[in-house]
Amino acid sequence: MSYKEETLIEGGREAPVPLQLFTVAAVLKNPWAGRGFVEDLKPEIHAIAPSLGELMTARMLEMTGGGDRIEAYGKAAVVGTDGEVEHASALIHTLRFGNHYRRAVNAQSYLAFTNTRGGPDAPIAVPLMDKNDAGRRSHYLTIQFSINDAPAHDEIVVVLGASIGGRPHHRIGDRYQDLAELGSTHG
């Protein structure tokens, strides 16, 4: 599943540069569902995460026109009710998944993330942040959507998110201005 949103007017004013938001979502069978508590999740992580990350990254690059166009990025996972939040985390919090995306967009910052549990039509929130500057608040964004029939009790929804542009009329400054005003170098 893929999703694109474009903001042309915000706050009653035309955006100088339209904000474009994108998601790519995969719905897959939870490999740990129905097995009770599984101590070692690594065999399934190693079997699924690399190809999933590669496939989803390729789709995102196709949608956005390339990694150099992406300014902010993030990821999310929602596990169905027969799974643990750890199952959602397992597939997205491994370099075997995220490094495909990070390298493709030539990013320096970590991928913002959420991992939750829910049923069909559960809200999916994908937080985004600037791919190279974690303190650039104009690119603190969230994409929110749902999938009517996913995740089923034994499924996991895995999502990549991206933006081309930041909030159209950003005017709250960045973390560095706050730090300077507070006389601090730690945030």
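1. Comments concerning helix α2 (residues 85-92)
Okay, step 1: Extensive coverage of α2 is indicated by the burial of six of its eight residues.
Okay, step 2: Among all positions of α2, only H87, A88, S89, A90, L91 and I92 are buried.
Okay, step 3: Looking at the buried residues of α2, the elements they touch are β2 (13-29), α1 (42-64), β3 (72-79), α3 (95-104), β4 (112-117) and β7 (155-164).

2. Things to note about the pairing of strand β6 (residues 141-145)
Okay, step 1: Residues L141, I143 and F145 point to one face of β6 and are all buried, whereas T142 and Q144, pointing to the other face, are not buried.
Okay, step 2: The sheet contact formed by strand β5 (residues 124-130) and β6 spans five bridges and is antiparallel. Paired with A125 across the strands is Q144, a residue of β6.

3. What about the pattern of salt bridges?
Okay, step 1: Under the criterion given, the structure shown has five salt bridges.
Okay, step 2: Note that R35 is salt-bridged to E44, the shortest N-O span being 2.7 Å.
Okay, step 3: Residue classification places R35 among the partly exposed residues on the basis of a relative accessible area of 44%.
Okay, step 4: According to the relative accessible area criterion, E44 is buried, its value standing at 16%.
Okay, step 5: The partner of E62 in a salt bridge is R59, with the nearest N and O atoms 2.8 Å apart. Residue E62 and its partner R59 are located together in helix α1, separated by three residues, close to a single helical turn.

4. Observations concerning the environment of A88
Okay, step 1: Along the chain, the position of A88 falls in helix α2.
Okay, step 2: Taking the C-alpha atoms as reference points, A88 and A76, separated by 12 residues in sequence, lie 8.3 Å from one another.
Okay, step 3: Apart from the residues within four sequence positions on either side, A88 is in contact with A77, V78, V79, N115, T116 and I156.

5. Side note on the packing of aromatic side chains
Okay, step 1: The full count for this structure, using the stated rule, is two aromatic pairs.
Okay, step 2: Where Y3 meets F145, the ring centres are 5.9 Å apart and the plane angle is 15 degrees; that geometry is what we call stacked. Of this pair, Y3 sits in strand β1 (residues 2-10) while F145 sits in strand β6; the two residues are 142 residues apart in sequence, bridging distant segments of the chain.
Okay, step 3: Accessibility expressed as a relative area gives 8% for F145, which makes it buried.

6. Observations regarding the side chain of T57
Okay, step 1: Here T57 shows up in helix α1.
Okay, step 2: Using a relative accessible area of 5% as the deciding quantity, one classes T57 as buried.
Okay, step 3: Residues in contact with T57, not counting those within four places in the same chain, are H100, Y101, A104 and L160.

The rules we used
Residues numbered from 1 in each chain as written. Predicted model: local features only at pLDDT ≥ 70, side-chain atom pairs only at ≥ 80, totals over all residues. Heavy atoms only, no water. Buried < 20%, exposed > 50% of the residue type's maximum accessible area, 1.4 Å probe, protein only. Helix = DSSP H or I, 4+ residues; strand = E, 2+ residues; numbered from the N terminus. Contact = heavy atoms within 4.5 Å. Pairing = 2+ DSSP bridges. Salt bridge = Lys/Arg side-chain N within 4 Å of Asp/Glu carboxyl O. Phe/Tyr/Trp six-rings, centres within 6.5 Å; stacked < 30°, edge-to-face > 60°.

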